[in-house]
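The chain contents come next:
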Amino acid sequence: MLKKLLKYDLQYKFKGLSIFYILAIFFSILTRIFLNIENSFIMNIIGKICSGVTISMIFNIIINNLMRLWARFSNNLYKDESYLTHTLPIDKKTLYLSKALSSIITLFTSILIIGLTLFIAYYSKETIEMIKNFLLPVASAYNTHIIIIIIAFLFIIFLELANALQAGYTGIILGNKMNNNKTAFSVLYGFITYIVTQLIIILVVFIFALFNKDIMNLFYTTEFITVDIIKTLIYLAIAVYISTLIILYFVNIKLFKQGVNVD
């Protein structure tokens, strides 16, 4: 049954997102073409316009991804569609697991599409050299390749989006326990949950900083961040984000199991 739930969730979500995926890649190709035409003022202007549209499509992918996931969660579990959903012989843990897995898949796909879009539009030897010069000290500290550093940064972005998404799910669950103004309460509780998770992350970093004076300096000074500190913060951020996501996942399941008030 989980496979069927995932299938329908993914079909709904990718149906809308695919439009933005196609547009992002399309305008990235146009950006590549027009910006590589030399000695033409008009082509350069068109290329910059296409570049602006490409960037806007990237932001649209992120925003629409989150919005469609929240909308699907709310409509499928609390609105008219929920009457059918809750008649299925499926426990609430499986229902939430389906939403969580489909969310991870769509967010991961969106990050990949964004990476592909940026590569198509802006890849060049000069850009690669600039990235290498910027990230080489960090890579040396890691004793690893630059591509691993880029993947680590993208993974942190993915975890941040996943955290915001799941905080929104918490808000929807709590908001729909209210008798009135459920949407407003959902937004409020989601925002509060997100802020709390961010404060927890900062608190963990601060506690860790008590045992590391270099990280503690980030709270009290504006000194330049060394590559060793960047290395430590990347590891710490990934660990804390994953822990927060896991904890909030089980909190949401517990809240969801307490009952659903269908409109």
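The notes below deal with the structure included here. (Residues numbered from 1 in each chain as written. Predicted model: local features only at pLDDT ≥ 70, side-chain atom pairs only at ≥ 80, totals over all residues. Heavy atoms only, no water.)

Some points on the overall build of the chain
Reasoning step 1: Helix and strand content of the chain: nine helices and zero strands.
Reasoning step 2: When its helices and strands are written in sequence order, the chain yields α-α-α-α-α-α-α-α-α.
Reasoning step 3: Across the 263 residues of the chain, 38% fall into the buried class.
Reasoning step 4: Considering only contacts in the chain between residues 6 or more positions apart, those separated by 24 or more positions represent 74%.
Reasoning step 5: About 15,200 Å² of surface is accessible on the chain, with carbon and sulfur atoms providing 71% of the total. (Helix = DSSP H or I, 4+ residues; strand = E, 2+ residues; numbered from the N terminus. Buried < 20%, exposed > 50% of the residue type's maximum accessible area, 1.4 Å probe, protein only. Contact = heavy atoms within 4.5 Å. Areas by Shrake-Rupley, 256 points an atom, 1.4 Å probe, with all protein chains shown as cover.)

Things to note about the nonpolar core
Reasoning step 1: Among the nonpolar cores identified, the biggest contains 34 residues, and Phe 73, Tyr 78, Tyr 96, Leu 107, Ile 173 and Phe 256 are the most heavily contacted of them.
Reasoning step 2: One finds Phe 20, Ala 24, Ile 58 and Ile 114 within the second-largest nonpolar core, a separate group that totals nine residues. (Core = buried A, V, L, I, M, F, W, Y, C linked by side-chain atoms within 4.5 Å.)

Topic: the side chain of Gln 166
Reasoning step 1: Counting through the fold element by element, Gln 166 comes out in helix H6 (residues 146-175).
Reasoning step 2: Using a relative accessible area of 7% as the deciding quantity, one classes Gln 166 as buried.
Reasoning step 3: Beyond its immediate chain neighbours, meaning those up to four positions away, Gln 166 contacts Tyr 96, Leu 245, Leu 248, Tyr 249 and Asn 252.

Structural notes on helix H7 (residues 182-209)
Reasoning step 1: Taking 1.5 Å per residue, 28 residues should reach 40 Å; H7 reaches 40 Å between its end C-alpha atoms and fits that length.
Reasoning step 2: All buried positions along H7 are accounted for by Lys 182, Ser 186, Gly 190, Thr 193, Thr 197, Gln 198, Ile 201, Val 205 and Ala 209. (Expected span 1.5 Å × (residues − 1).)

What about the pattern of salt bridges?
Reasoning step 1: Within this structure, the stated rule accounts for two salt bridges.
Reasoning step 2: A salt bridge links Arg 72 to Asp 9; the nearest nitrogen and oxygen atoms lie 2.9 Å apart. Here Arg 72, found in helix H2 (residues 41-78), pairs with Asp 9, found in helix H1 (residues 2-35); they are 63 residues apart in sequence, far enough to count as distant.
Reasoning step 3: Residue classification places Arg 72 among the buried positions, given a relative accessible area of 11%.
Reasoning step 4: A salt bridge links Asp 9 to Lys 99, with the nearest nitrogen and oxygen atoms 2.9 Å apart. On the criterion of sequence distance, the pair formed by Asp 9 in helix H1 and Lys 99 in helix H4 (residues 92-122) is long-range, its members being 90 residues apart.
Reasoning step 5: We classify Asp 9 as buried; its relative accessible area is 2%.
Reasoning step 6: With a relative accessible area of 2%, Lys 99 lands in the buried category. (Salt bridge = Lys/Arg side-chain N within 4 Å of Asp/Glu carboxyl O.)

Comments concerning a nonpolar patch on the surface
Reasoning step 1: Among the surface-exposed residues, Leu 188, Phe 191, Ile 192, Ile 195, Val 196, Leu 199, Ile 200, Ile 202 and Val 204 lie close enough to one another that they form a single nonpolar patch of about 750 Å² accessible area.
Reasoning step 2: When you line up the elements, Val 196 lands in helix H7. (Patch = residues over 30% accessible without salt bridge, like charges linked within 9 Å, V, L, I, M, F, W, Y side chains within 5 Å.)

Comments concerning the packing of aromatic side chains
Reasoning step 1: Across all of its chains, the model carries 12 aromatic pairs by this definition.
Reasoning step 2: Judged by centre distance (6.3 Å) and plane angle (90°), the rings of Phe 108 and Phe 158 are edge-to-face. One end of the pair, Phe 108, is in helix H4; the other, Phe 158, is in helix H6, with 50 residues separating them in the sequence.
Reasoning step 3: On the basis of relative accessible area, Phe 158 is assigned to the buried category, the value being 10%.
Reasoning step 4: Ring geometry for Phe 155 and Phe 158: centres 6.1 Å apart, planes at 15°, overall stacked. Residue Phe 155 and its partner Phe 158 are both found in helix H6; the two are separated by three residues, about one turn of the helix.
Reasoning step 5: Judged by relative accessible area, which is 33%, Phe 155 ranks as partly exposed.
Reasoning step 6: Among the aromatic residues, those joined into a ring-pair cluster are Phe 73, Tyr 78, Tyr 96, Tyr 169, Tyr 249, Phe 250 and Phe 256.
Reasoning step 7: Stacked on the ring of Tyr 12, the Lys or Arg Arg 68 has its end atom at 4.7 Å from the ring centre.
Reasoning step 8: It is Arg 72 that lies over the ring of Tyr 12; its NZ or CZ is 4.8 Å from the centre. (Phe/Tyr/Trp six-rings, centres within 6.5 Å; stacked < 30°, edge-to-face > 60°. Lys NZ or Arg CZ within 6 Å of the ring centre and 35° of its normal.)

Comments concerning unusual backbone geometry
Of all residues except glycine, most have a negative phi; of all peptide bonds, most are trans.
Reasoning step 1: Backbone geometry places Asn 181, a non-glycine residue, at a positive phi of 50°.
Reasoning step 2: Among the structural elements, Asn 181 can be located in the loop between H6 and H7.

Here's the deal with the packing of H1 against H2
Reasoning step 1: Running from amino to carboxyl end, H1 crosses H2 at an angle of 170°, the nearest separation of the two axes being 7 Å. Classified by the angle between their axes, H1 and H2 sit roughly antiparallel to one another.
Reasoning step 2: Of the residues that constitute the contact of H1 with H2, the class distribution is 18 nonpolar, 11 polar and five charged. (Axes fitted to C-alpha atoms, helices over the stretch in contact; angles between N-to-C directions. Parallel < 35°, antiparallel > 145°, perpendicular 65-115°, else oblique. Nonpolar A, V, L, I, M, F, W, Y, C, P; charged D, E, K, R; others polar.)

Section: the side chain of Ser 98
Reasoning step 1: Mapping Ser 98 onto the fold places it in helix H4.
Reasoning step 2: Residue contacts for Ser 98: discarding those within four places in its chain leaves Leu 2, Leu 5, Leu 6 and Asp 9.

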